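Residues per chain are reported as follows:
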Amino acid sequence: MSIDESFLPWVQAKGVKLRGIEPKVIPTRGIGVVATRDIRANDVILSVPIKALRTIDTVPKHITDALSGVSVHGILAAEFALDDSDDFEMWRTVLPTREDLEAGMPMMWPREMQDLLPTRARHLLDNQTANFRRECDIVLKAFPDLTRDDYLYSWLLVNTRTFYNSMPKMKSYAQADRLVCMPAADLFNHADQGCQLSYSATGYSIKADRLYKADEEVFVSYGPHSNDFLLTEYGFILDTNRWDDVYLDDAIIPMLNKTQRADLHAVGFLGRYTLDEHTLGCHRTQVALRLLCCTPRQWQRFFDAEDDGSSTQVDVDDLLLKALHSYLDTIRNAVDRIDELEVGLDIQREWLRSRWQQIETMVRSTIQQLEA
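Here the structure is a predicted model, which is why all the values come from computation and not from measurement. (Residues numbered from 1 in each chain as written. Predicted model: local features only at pLDDT ≥ 70, side-chain atom pairs only at ≥ 80, totals over all residues. Heavy atoms only, no water.)

(A) A look at the overall build of the protein. Of the regular secondary structure elements, the protein holds 15 helices and 11 strands. Counting only C-alpha atoms and orienting by the principal axes, one finds that the protein spans roughly 70 × 50 × 45 Å. Each of the 372 residues in the protein was classed as buried or not, and the buried ones make up 51%. Approximately 18,200 Å² of the protein is accessible, and the part contributed by carbon and sulfur atoms is 49%. Here the protein holds 41 positive side-chain charges and 57 negative ones, and the gap between their average locations is 5 Å. (Helix = DSSP H or I, 4+ residues; strand = E, 2+ residues; numbered from the N terminus. Buried < 20%, exposed > 50% of the residue type's maximum accessible area, 1.4 Å probe, protein only. Areas by Shrake-Rupley, 256 points an atom, 1.4 Å probe, with all protein chains shown as cover. Lys, Arg positive; Asp, Glu negative; His and termini not counted. Charge placed at Lys NZ, Arg CZ, Asp CG, Glu CD.)

(B) A look at the packing of aromatic side chains. Using the criterion set out here, one finds 15 aromatic pairs in the structure. With 4.9 Å between their ring centres and 55 degrees between their planes, F80 and F88 make a pair best called tilted. There is no split in this pair, since F80 and F88 are both buried. Seen from their ring centres, F88 and W91 are 6.1 Å apart, and the 75 degrees between their planes marks the pair as edge-to-face. Here the residue F88 and the residue W91 both occupy positions in helix α4 (residues 86-92), the gap between them amounting to 3 residues, near one helical turn. As far as the burial class goes, F88 and W91 line up, both buried. Aromatic rings pair up to connect F7, W10, F80, F88 and W91 into one cluster. (Phe/Tyr/Trp six-rings, centres within 6.5 Å; stacked < 30°, edge-to-face > 60°.)

(C) Summary view of helix α7 (residues 119-142). Helix length check: α7 (24 residues) gives 35 Å between terminal C-alpha atoms against 34 Å at 1.5 Å per residue, within 8%. When α7 is considered as a whole, its buried residues turn out to be T119, A121, L125, Q128, T129, F132, E135, C136 and V139. Contact partners of the buried residues in α7: α3 (72-82), α6 (111-114), α8 (148-161), α9 (227-234) and α10 (249-252). (Expected span 1.5 Å × (residues − 1). Contact = heavy atoms within 4.5 Å.)

(D) Region of interest: the packing of α3 against α8. Between α3 and α8, the shortest axis-to-axis distance is 8 Å and the interhelical angle comes to 120 degrees. Put simply, α3 runs oblique to α8. Classified by chirality, the crossing of α8 by α3 is right-handed. Only D150, Y151, S154, W155, L157, V158 and N159 of α8 make contact with α3, whose side of the interface consists of H73, G74, L76, A77, A78, F80 and A81. (Axes fitted to C-alpha atoms, helices over the stretch in contact; angles between N-to-C directions. Parallel < 35°, antiparallel > 145°, perpendicular 65-115°, else oblique. Left-handed = near helix turned anticlockwise from the far one by under 90°.)

(E) Layout of the state of the cysteines. Taken as a whole and assessed by the stated rule, the structure comprises 0 disulfides. Between C136, a cysteine without a disulfide, and C181, which holds the nearest cysteine sulfur, the sulfur-to-sulfur distance is 18 Å. Residue C136 is classed as buried on the basis of its relative accessible area, which comes to 3%. The cysteine C282 is free of any disulfide, with C293 supplying the nearest cysteine sulfur at 15 Å. Residue classification places C282 among the buried positions, given a relative accessible area of 17%. (Disulfide = S-S within 2.5 Å.)

(F) Seen up close, the side chain of E217. Checked against the element boundaries, E217 lands in the loop between β8 (203-207) and β9 (219-220). Of the residues examined, E217 reaches a relative accessible area of 10% and is grouped as buried. One polar contact links E217 to R29, side chain to side chain, over a distance of 2.4 Å. Within polar-contact distance, the side chain of E217 engages the side chain of N189 at 2.8 Å. The residues touching E217, leaving out its near neighbours within four places in the chain, are I26, R29, G32, V33, V34, N189 and Y212. (Polar contact = N/O pair within 3.5 Å; in protein donor to acceptor, adjacent residues only side chain to side chain.)

(G) Inspection of the sheet that holds β9 at higher detail. The mixed open sheet is built from 5 strands, whose spatial order is β1-β4-β8-β7-β9. Two strands close off the open sheet at either side, each with one partner strand: β1 (17-18) and β9. Relative to β8, strand β7 (residues 189-200) is paired through 5 bridges, and the arrangement is antiparallel. In the sheet register, S198 faces β8, and the bridge partner there is S205. (Pairing = 2+ DSSP bridges.)

(H) Expanded view of the pairing of β7. Both β7 and β9 contribute to a ladder of 3 bridges, which runs parallel. Each bridged residue has a counterpart across the sheet, and for H190 the counterpart in β9 is V220. Linking β7 back to β8 in an antiparallel pair, the connection comprises 2 residues.

(I) Summary view of unusual backbone geometry. Phi at N42 is positive, roughly 80 degrees, even though this residue is not glycine. Within the secondary structure, N42 sits in the loop between β3 (30-35) and β4 (44-49). Positive phi is not limited to glycine here, since D215 has a value of about 75 degrees. Following the sequence through the fold, D215 ends up in the loop between β8 and β9. The class for D215 is exposed, based on a relative accessible area of 62%.

Listed below in structure tokens is the structure:
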């Protein structure tokens, strides 16, 4: 992989200004952005003017007219797929290839591998796939020369390369439809703490969040996302992620009987039992497990925040331990099944295996704290 020598002149001709940074190939991670000199916190390192942006307003009218009812995401993807201009061809030189996306994006993995994703990632993928299928049918009917694979590739490019569009005019759009594409800005890699994007009447800019030394990679933050989210939406996981968490639904929901599940569903507390490195079971978990060890009055008082639950916390912790040990069996089973797979790519299996190993580390750490 290399960066076309014409890319920087092309992007600068659009009015994009890079200050103390440049794109560079990062071993094992594609293209990123590095500092060419020492950068101070709050230095503006990138500016992208309005004229350089791709938004729903810049999509050719014949495309938007043909795609009534399609999301902004879907329309931008159609434009990407249909654009054979020399201008977009230069942008393509720094975009992920189809093979790059296939390696990391679960949406392009074999079904047998998708079925082995952690629960939260699997739910995200199901929603993602349903949205794509609905819009793909509309787009291919409107533009029959496009293939499903071409549209999927473009759809995933938009999914992984766009930013939140903060223009005031976008307030009339649904949250998920507030998307903007901007050259050069989309080359930054993500970290759980990184530079932030801001909007003004002249365009977008990125300021350094801290001191960066010359030759150091400069990161942006996409937001407080778990590794399940990052894997499903962007095709990677972080080795260190302060926002990481995991759903324990597969371990906790089977502990509940039919009536208890119905009771929790009625109050909006069935599922999404989250474990992270900072809490020994989220509030939703605490509520659910108390159904198994508290009297109805004790449970109701805890639910209504009239009791802090300290008198029953030991019993709740014992139940959580039981759930976590059960979940270790789920993790081991998933890793064993991954090792037995005969489909997919080695890199896909490695992403999947690594994610389960991260979850195992989180679970074992919580077990150690509970048993201390």
